[in-house]
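Spelled out from the first residue to the last, the chains are:
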Amino acid sequence: MPSAAADPVWDAWASVPWTPVDVPKTSSSASSGTVTVGWHKAGVPYLPLGEALSLQTLDLWIPSSATGTGAAPDINSLPSGPHGSVWIIYIHGGAWRDPRITFASFTPAATNLLFRALSSSNDNSSSPSHNPKLAGLVSLNYRLSPHPSHPSPDPARNAKHPDHISDILTALSFLSRLGVIPRRSNINNNNTGNNTKWILAGHSCGATLSFQTLMPLPPLLPTPPLLLSSSSPQPPSAVVGFNGLYDLAGFIADPPQGYAHLRDGYREFTVGAFGEDESVWRAVCPASCEAGWVRRGWVGEGKEEEKAGKVVVMLVQSREDQLVPWQQLERMRECLEREGRLVEVRVREARGEHDEIWREGGRMAEVLWEVVEGL
Ligand SMILES: N[C@@H](CC(=O)c1ccccc1NC=O)C(=O)O
């Protein structure tokens, strides 16, 4: 991938060094020590240097195979994956407000995925066509609303809708300027496009934010001018929601059995993020907003896009989740199935309480790997 001097996007990119991701060698190998599974940039500002607030940053990892050598990539560069490789972009949860849940909640799954990528590139028995190609991973930070138990004067911790989704869209524009997300003009262009695909994944309110990137949200959000490019980013090939929130108004009006005690908590964080107006709650949630957004905001109206194939939604939920009921998944599934054959909805179960899936990371990585393989 190119790098360029005197470009605010590449200047921000080059402001952070690469560090190795070292994991202990498996016990089966005779040698001890660690193996480098990938390279990591931590806390890259996704706005021009000096303009980003404390939470307007992203972390990015590439598999060690991307460099071709054992050495760190150049600080100015972003090595591209092989033809047809896939980027995964992750949005953390925490009810739009919890400062203890950040981009770092993706680290266990990211490390697991880098390890899988290394193992599969070492595995000569797998045929190249079935060898999944992971280009890299990104985890986004974004401004948070105030948390009553964790007050802070930091402007990045006193956000209100649409600040959260605005930051996510800004980060996606930044990533498209870096070449991580392909541009729309490359769609259907098999000769010159590098055919990179991307997956958008999120946990809890991060799943809400993932779908919001594809919904027409009022009011329209301006992109910072320095990040604008002539062509818009290509939408993701798949969205993966882990223990996601899809219908806040529905939950607050009528929480399902076993979750009624959470109604006031839901109302508190919903008001904190979106204000008191319940019509806004409905408009910003993917299972309760106006129908038709999958075609309008994602698949596209044009026949060419329809020919390019349907999009994939993977909904992952634990029945043991003490904070988000299975009913949220059902609401989302029903909403997507009403969109007809544009979307292929897949459902996977997970185990444990609400945050176990990212704390533990293995199941999250397994599901994401399955989506990468299927693209
Ligand atoms: N730890 C959070 C609570 C939280 O994250 C949450 C609670 C209920 C339903 C979903 C939640 N998180 C979604 O992103 C808080 O303190 O606000």
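Residues numbered from 1 in each chain as written. Predicted model: local features only at pLDDT ≥ 70, side-chain atom pairs only at ≥ 80, totals over all residues. Heavy atoms only, no water.

Under an unreviewed UniProt entry, the name given to the protein chain is Kynurenine formamidase, and the organism recorded is Achaetomium macrosporum. UniProt, in the comment section headed Subunit (unreviewed entry), describes the protein chain in these words: "Homodimer." Of the protein chain, the UniProt comment under Sequence similarities (unreviewed entry) reads exactly: "Belongs to the kynurenine formamidase family." (UniProt positions renumbered as here; feature names shortened; annotations may be inferred.)

Chemist: Before we go on, may I ask you to explain the packing of aromatic side chains in this structure?
Modeler: Each aromatic ring pair is described using two quantities: the centre-to-centre distance and the angle formed by the ring planes. Evaluated as defined, the whole model comprises nine aromatic pairs. Between the aromatic rings of Trp-96 and Phe-274, the centroid separation amounts to 5.0 Å while the plane-to-plane angle is 80 degrees, which identifies the pairing as edge-to-face. Placement of the pair is Trp-96 in the loop between β4 (86-91) and α2 (107-122) and Phe-274 in helix α6 (residues 263-274), with a sequence separation of 178 residues. Where Tyr-266 meets Phe-269, the ring centres are 5.1 Å apart and the plane angle is 40 degrees; that geometry is what we call tilted. Taken together, the residues Tyr-266 and Phe-269, both in helix α6 and three residues apart, mark about one turn of the helix. Accessibility assignment for this pair places Tyr-266 and Phe-269 in one class, buried. Sitting over the face of the ring of Trp-13, Lys-41 holds its NZ or CZ atom 4.3 Å from the ring centroid. The ring of Trp-326 carries the charged tip of Arg-319 above its face, separated from the ring centre by 3.8 Å. (Phe/Tyr/Trp six-rings, centres within 6.5 Å; stacked < 30°, edge-to-face > 60°. Helix = DSSP H or I, 4+ residues; strand = E, 2+ residues; numbered from the N terminus. Buried < 20%, exposed > 50% of the residue type's maximum accessible area, 1.4 Å probe, protein only. Lys NZ or Arg CZ within 6 Å of the ring centre and 35° of its normal.)

Chemist: Please explain the UniProt feature "active site" (unreviewed entry) in the protein chain as it appears in this structure.
Modeler: Those places that UniProt annotates as "active site" (unreviewed entry) correspond, in this numbering, to Ser-204, Asp-321 and His-354. Taking the farthest pair of C-alpha atoms as the criterion, the annotated set spanning 151 residues converges on one region, since that pair is 10.8 Å apart. In this fold, Ser-204 is placed in the loop between β6 (197-203) and α4 (205-212). When sequence neighbours within four positions are dropped, the list of residues in contact with Ser-204 reads Gly-93, Phe-242, Asn-243, Gly-244, Leu-245, Val-324 and His-354. Sequence-distant contacts of Asp-321, defined by excluding residues within four places in its chain, comprise Asn-243, Tyr-259, Gly-352, Glu-353 and His-354. (Contact = heavy atoms within 4.5 Å.)

Chemist: Explanation requested: the site of the ligand in the structure shown.
Modeler: Near the ligand you find 15 residues, and of these Ala-95, Arg-97, Asp-98, His-147 and Ser-204 are the closest. Take His-147: an N or O atom from its side chain is 2.7 Å from an oxygen atom of the ligand. Isolated, the ligand exposes 410 Å² of accessible area, and the fraction of that covered by the protein chains is 87%. Looking at side-chain class alone, the shell around the ligand contains seven nonpolar, five polar and three charged residues. (Near = heavy atom within 4 Å. Polar contact = N/O pair within 3.5 Å; in protein donor to acceptor, adjacent residues only side chain to side chain. Areas by Shrake-Rupley, 256 points an atom, 1.4 Å probe, with all protein chains shown as cover. Nonpolar A, V, L, I, M, F, W, Y, C, P; charged D, E, K, R; others polar.)

Chemist: So what exactly am I meant to see when it comes to the state of the cysteines here?
Modeler: Should the sulfur atoms of two cysteines be covalently bonded, the bond is a disulfide. Counted according to the given criterion, the structure contains zero disulfides. The cysteine Cys-335 is free of any disulfide, with Cys-289 supplying the nearest cysteine sulfur at 6.3 Å. (Disulfide = S-S within 2.5 Å.)

Chemist: Would you mind showing me how to read α4 here?
Modeler: An α-helical turn contains 3.6 residues, so a residue and the one three or four places further along point in the same direction. Taken across its eight residues, α4 has eight buried, putting it largely inside the fold. By the burial criterion, the buried members of α4 are Cys-205, Gly-206, Ala-207, Thr-208, Leu-209, Ser-210, Phe-211 and Gln-212.

Chemist: Explanation requested: α2 in the structure shown.
Modeler: Taking 1.5 Å per residue, 16 residues should reach 22 Å; α2 reaches 23 Å between its end C-alpha atoms and fits that length. Taken together, the buried positions of α2 are Ala-109, Ala-110, Leu-113, Leu-114, Ala-117, Leu-118 and Ser-120. Where α2 is buried, its residues contact β1 (19-24), β2 (34-45), β3 (57-63), β4, β5 (134-140) and α12 (362-374). (Expected span 1.5 Å × (residues − 1).)

Chemist: Quick question: what am I supposed to make of the sheet that holds β1 here?
Modeler: To summarise the sheet geometry, strands pair through backbone hydrogen bonds and adopt either a parallel or an antiparallel arrangement. In spatial order, the strands read β1-β2-β3-β5-β4-β6-β7-β8-β9; together these nine strands make up an open sheet with mixed pairing. Here the strands that pair on one side only, and so sit at the sheet edges, are β1 and β9 (343-350). Strand-to-strand twist of the sheet, defined as the mean angle between neighbouring strand axes without regard to direction, takes the value 20 degrees. One ladder, built from six bridges, connects β2 with β3; its direction is antiparallel. Across the sheet, the residue bridging to Val-44 is Leu-58, located in β3. In the packing of helix α3 (residues 163-178) onto the sheet, the strands contacted are β2, β3, β4, β5 and β6, and the crossing angle to β5 comes to about 150 degrees. Across the sheet, helix α10 (residues 326-337) touches β8 (311-318) and β9, and the angle it forms with β9 is around 165 degrees. (Pairing = 2+ DSSP bridges. Axes fitted to C-alpha atoms, helices over the stretch in contact; angles between N-to-C directions.)

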